[in-house]
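Here's the letter readout for the chains.
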Amino acid sequence: MVKEKLMTLHGVNIIIVVFLYIFNFIVNYNVIDTYFYGTWVALLFLILISVITLFGRVFHAIFSILILISASSALYFKFFYKIGLTEEIIFSGIVNDVMLTSELMSINLVAWVFCTAIIPIVILIRLKVEKTSIIHRVKTLIVTAIIAITWVAIIFSNQKFSFKDPGTIRDPKLTLSIHSFSPVDLIYFTKLAFTSYKKYTSSWSDVENILEKEQFSLAVDVEATTVVFILGETARADRWGINNYKLNTTPRLAETPNVFNFSNVKSCDTITVRSLACIFSRMTKKEHEVVPRETSFIEIFKSLGFSVKIFTLQNAQKLYHYFNYDQLVTLSSILKSSKNKEVFDKQLIPYLGEAVESVKENQIILLHTLGSHYAYHDRFAKEDAKFEPYCNSADLMNCTEKEISNAYDNTIYITDQFIAQVIEQLKGKKAVVFYTSDHGESLGENGHYFHGASPKTAPKEQFHVPMLAWLSPEFIATKTGNKVYKKLSMIGKDQEISHDNIFHTVLGCLGVSADKNGINEKLNLCAD
């Protein structure tokens, strides 16, 4: 009887790498990149998975299963939405609300993973693998490493990779190569993301107190005043009716007096966590990091006698503690008191109403909304939809371009209603409202979707955000308010503005002044 020939673990490794290489070759829009840049990454990955064989068949099997599922998931978003994994996207997924991240799950994604990962895994499991000694596996690893490294060296030489510093590749082709082969991109950028997250969690304790080096004072006529700062989510300025969009997505704001709208505003970044430092502190886009280096404008208001209240539909506890709040109402609290399992921005309105009902002191209120974050159809109730037909699927590939556009436009329409409701709550009060979004969104332009692209290469749609201010008649009647009203009236709607302006403008428009350099008058839109 002829003895059945068994496959070695090394043979399984080659099958996995070849499968992934072909998979990446098919999915990548630029197959030339996979051939020229992805080849050497695949060879190094072969060395890695060969090292894994030294830890035994069980560990090797677990590693292979995780790798195939991860690669399949990453390539799904690359194939259908042109979203390549980056440190920023993975970091955002770690920090962000799990609820928002989980909304990316869909039947199509599950079906894709089943066909491109689970079925191959089942086939691999059914292979009869020969048991080999550790010595044999070490010898195989050495031979594999020598051949692979030699091949990589030849590729580096032919492609003229630049080694400017000893042991360090300083060449953009490195990142391009990593992007060309999943799951190496996932492994590499996950490592960078967790390094950033570690720094993110530890850096909050190192935030410098600006009040120790700057002296701030408040105009005497700013009393019993409510400041509401609405932090929007994923809103694009070019989809607002008041910014000349083809659809009337902002009917109520268009009819509201004393609204100052700025249509040419750029965000600091393309993901929330990286934009917040620019929005709330003096940190600018050129120097920005994940964690602010200094106190926020909210804590400056608190030092001037304002109470600080936060009503939020997101989970950003590090950020909220940074504000040194007096009252925090979280998503979980709102859900517990709500009969509706769905979550909409309008659920923040009752809390705002209570806060302003009988206020006799200065207060600043932060409303952290869900805005236009994907999944778009989850941001509004069916009966509130204005534009139809709209995409109501968790996967955009199930929808037409028009349906996707209508779903997103409905979120802007709901945001318009929400801001108008906020203003309604403040009628008869001395109040100021500010609104901006953390970043924009791609809606299929040139094949790009969502947000989170690297700031160096992100399309303009992910940076173009709305921004506005509203002054109540009671506030305008004060000396400070009248001066602010006149100043904002002089600013052109299309004047170029960015998140860099917000810290200085919010303080300046409320009559806050600084002895030294606490407020940059060049960035203060309310400066004399």
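The structure displayed is predicted, hence computed values, not measured ones.

**Q** How do you make sense of the overall build of the chain when you look at a structure like this?
**A** Along the backbone of the chain there are 19 helices and 12 strands. Along the three orthogonal principal directions, the C-alpha set of the chain runs to about 100 × 55 × 40 Å. Taking all 528 residues of the chain together, the buried fraction comes to 56%. Within the chain, contacts between residues separated by at least 24 positions form 75% of all contacts whose residues are at least 6 apart in sequence. Surface exposure of the chain reaches about 24,300 Å², of which carbon and sulfur atoms provide 58%. Mean positive and mean negative side-chain charge positions of the chain (52 and 51 charges, respectively) differ by 7 Å.

**Q** Help me out: how do you make sense of the environment of Arg137 in this one?
**A** Tracing the backbone through its elements, the reader meets Arg137 in helix H7 (residues 134–159). Overall, the relative accessible area of 17% leaves Arg137 in the buried class. The spatial distance from the C-alpha of Arg137 to the C-alpha of Thr8 is 9.4 Å, given a sequence separation of 129 residues.

**Q** Honestly, the packing of aromatic side chains in this entry has me stumped. Any pointers?
**A** Think of a pair of aromatic rings as described by two things: how far the centres are apart, and how the planes are tilted against each other in angle. On inspection of all chains with the given rule, the structure shows 33 aromatic pairs. Ring centres of Tyr374 and Tyr376 lie 5.2 Å apart, and the angle between their planes is 85°; this geometry places the pair in the edge-to-face category. We note that Tyr374, like Tyr376, is buried. Stacked on the ring of Phe463, the Lys or Arg Lys285 has its end atom at 4.3 Å from the ring centre.

**Q** Would you explain the pattern of salt bridges in this entry?
**A** Side chains that carry opposite charge are capable of pairing whenever their charged atoms lie near each other. What the rule picks out here adds up to 13 salt bridges. Among the salt bridges present, the one from Lys213 reaches Glu208, with a minimum N-O distance of 3.2 Å. Glu208 sits in the partly exposed class, given a relative accessible area of 38%. We note a salt bridge from Glu214 to Arg282, for which the minimum N-O separation is 3.9 Å. Separated by 68 residues along the polypeptide, Glu214 in the loop between helix H9 (184–203) and strand S1 (216–218) and Arg282 in the loop between helix H11 (272–280) and helix H12 (297–303) bring together distant segments of the chain. Considered together, Glu214 and Arg282 belong to a single accessibility category, that of buried residues.

**Q** Sorry if this is basic, but what is going on with the state of the cysteines here?
**A** The term disulfide refers to a covalent linkage connecting the sulfur atoms of a pair of cysteines. For the structure on display, the rule yields three disulfides. With its sulfur 2.0 Å from that of its partner, Cys391 forms a disulfide with Cys399. Its torsion about the S-S bond being 60°, the disulfide of Cys391 and Cys399 is classed as right-handed. Per residue, the accessibility class of Cys391 equals that of Cys399, and both read buried. Here Cys509 pairs with Cys526 through a disulfide, and the sulfurs are 1.8 Å apart.

**Q** Teacher, can you tell me more about the environment of Tyr200 here?
**A** Mapped onto the elements of the fold, Tyr200 is located in helix H9. A sequence separation of 12 residues divides Tyr200 from Tyr188, and the C-alpha atoms of the two residues are 18 Å apart.

**Q** Help me understand the nonpolar core, please; the structure alone is not making it clear to me.
**A** A general feature of soluble globular proteins is that nonpolar side chains tend to end up buried together. The biggest cluster of nonpolar side chains holds 95 residues, and the ones touching the most others in it are Phe229, Phe280, Phe297 and Leu488. In terms of residues, this core owes the most to one element, helix H2 (residues 31–52), which gives nine residues. Beyond its immediate chain neighbours, meaning those up to four positions away, Phe229 contacts Ile279, Phe280, Phe297, Ile365, Leu366, Leu367, Phe434, Thr436, Ile502 and Val506. Residues Leu109, Trp240, Leu370 and Val433 belong to the second largest nonpolar core, which totals 61 residues.

**Q** Would you mind showing me how to read helix H6 (residues 107–126) here?
**A** In an α-helix, one full turn covers 3.6 residues, which means residues spaced three or four apart are oriented alike. Between the first and last C-alpha of H6 there are 27 Å, a value that for 20 residues agrees with the 28 Å anticipated at 1.5 Å per step. The sharpest bend along H6 comes to roughly 40°, located at Phe114. All of the buried residues along H6 are Leu109, Trp112, Val113, Thr116, Ala117, Pro120, Ile121 and Leu124. In this structure, the buried side of H6 is in contact with helix H1 (9–27) and helix H3 (57–81).

**Q** For this particular structure, what's the right way to read the sheet that holds strand S7 (residues 430–437)?
**A** Strands pair in a sheet through their backbones, by hydrogen bonds, and they do so in one of two ways: parallel or antiparallel. Pairing is mixed across the open sheet formed by eight strands, whose spatial order is S5-S4-S6-S2-S7-S10-S3-S11. Each of the sheet's edge strands pairs with one partner strand only, and the pair in question is strand S5 (327–329) and strand S11 (497–498). Those strands touched by H11 are strand S2 (225–232), strand S6 (363–368) and S7, and its axis lies near 155° from that of S2. Helix H18 (residues 479–490) contacts strand S3 (259–266) and strand S10 (464–471) of the sheet and is inclined by roughly 145° relative to S10.

**Q** When you look at empty space enclosed by the protein in this model, what are you seeing that I'm missing?
**A** Empty pockets left among the atoms are what a rolling probe the size of a water molecule brings to light. Under the criterion given, the structure shown has five cavities of 30 Å³ or more. Approximately 80 Å³ is the volume found for the largest cavity. As for the largest cavity, its lining consists of Thr8, Leu9, His10, Asn13, Ser50, Thr53, Thr132, His136, Arg137, Thr140 and Leu141. Take the lining of the largest cavity: its biggest share by element is four residues, from H7. Class assignment for the residues of the lining of the largest cavity results in two nonpolar, eight polar and one charged. Approximately 40 Å³ is the volume attributed to the second largest cavity.

**Q** When you look at the side chain of Thr226 in this model, what are you seeing that I'm missing?
**A** By secondary structure assignment, the location of Thr226 is in strand S2. On the accessibility criterion, Thr226 (1% relative accessible area) is buried. Reaching out from Thr226, the side chain makes a polar contact with the side chain of Gln363 at a distance of 3.1 Å.

**Q** Any chance you could explain H3 here in plain terms?
**A** Helix length check: H3 (25 residues) gives 36 Å between terminal C-alpha atoms against 36 Å at 1.5 Å per residue, within 8%. The first or second residue beyond H3 is Lys82, which carries a positive phi of 55°.

Rules used in this analysis
- Residues numbered from 1 in each chain as written.
- Predicted model: local features only at pLDDT ≥ 70, side-chain atom pairs only at ≥ 80, totals over all residues.
- Heavy atoms only, no water.
- Helix = DSSP H or I, 4+ residues; strand = E, 2+ residues; numbered from the N terminus.
- Buried < 20%, exposed > 50% of the residue type's maximum accessible area, 1.4 Å probe, protein only.
- Contact = heavy atoms within 4.5 Å.
- Areas by Shrake-Rupley, 256 points an atom, 1.4 Å probe, with all protein chains shown as cover.
- Lys, Arg positive; Asp, Glu negative; His and termini not counted.
- Charge placed at Lys NZ, Arg CZ, Asp CG, Glu CD.
- Phe/Tyr/Trp six-rings, centres within 6.5 Å; stacked < 30°, edge-to-face > 60°.
- Lys NZ or Arg CZ within 6 Å of the ring centre and 35° of its normal.
- Salt bridge = Lys/Arg side-chain N within 4 Å of Asp/Glu carboxyl O.
- Disulfide = S-S within 2.5 Å.
- Core = buried A, V, L, I, M, F, W, Y, C linked by side-chain atoms within 4.5 Å.
- Expected span 1.5 Å × (residues − 1).
- Bend = angle between axes of the 7 residues up to and from the residue.
- Pairing = 2+ DSSP bridges.
- Axes fitted to C-alpha atoms, helices over the stretch in contact; angles between N-to-C directions.
- 1 Å grid on protein atoms, 1.4 Å probe; cavity = no way out; pocket = protein on both sides within 12 Å on 5 of 7 lines; lining within 4 Å.
- Points joined across faces, edges and corners; volume = space filled by probe spheres on them.
- Nonpolar A, V, L, I, M, F, W, Y, C, P; charged D, E, K, R; others polar.
- Polar contact = N/O pair within 3.5 Å; in protein donor to acceptor, adjacent residues only side chain to side chain.

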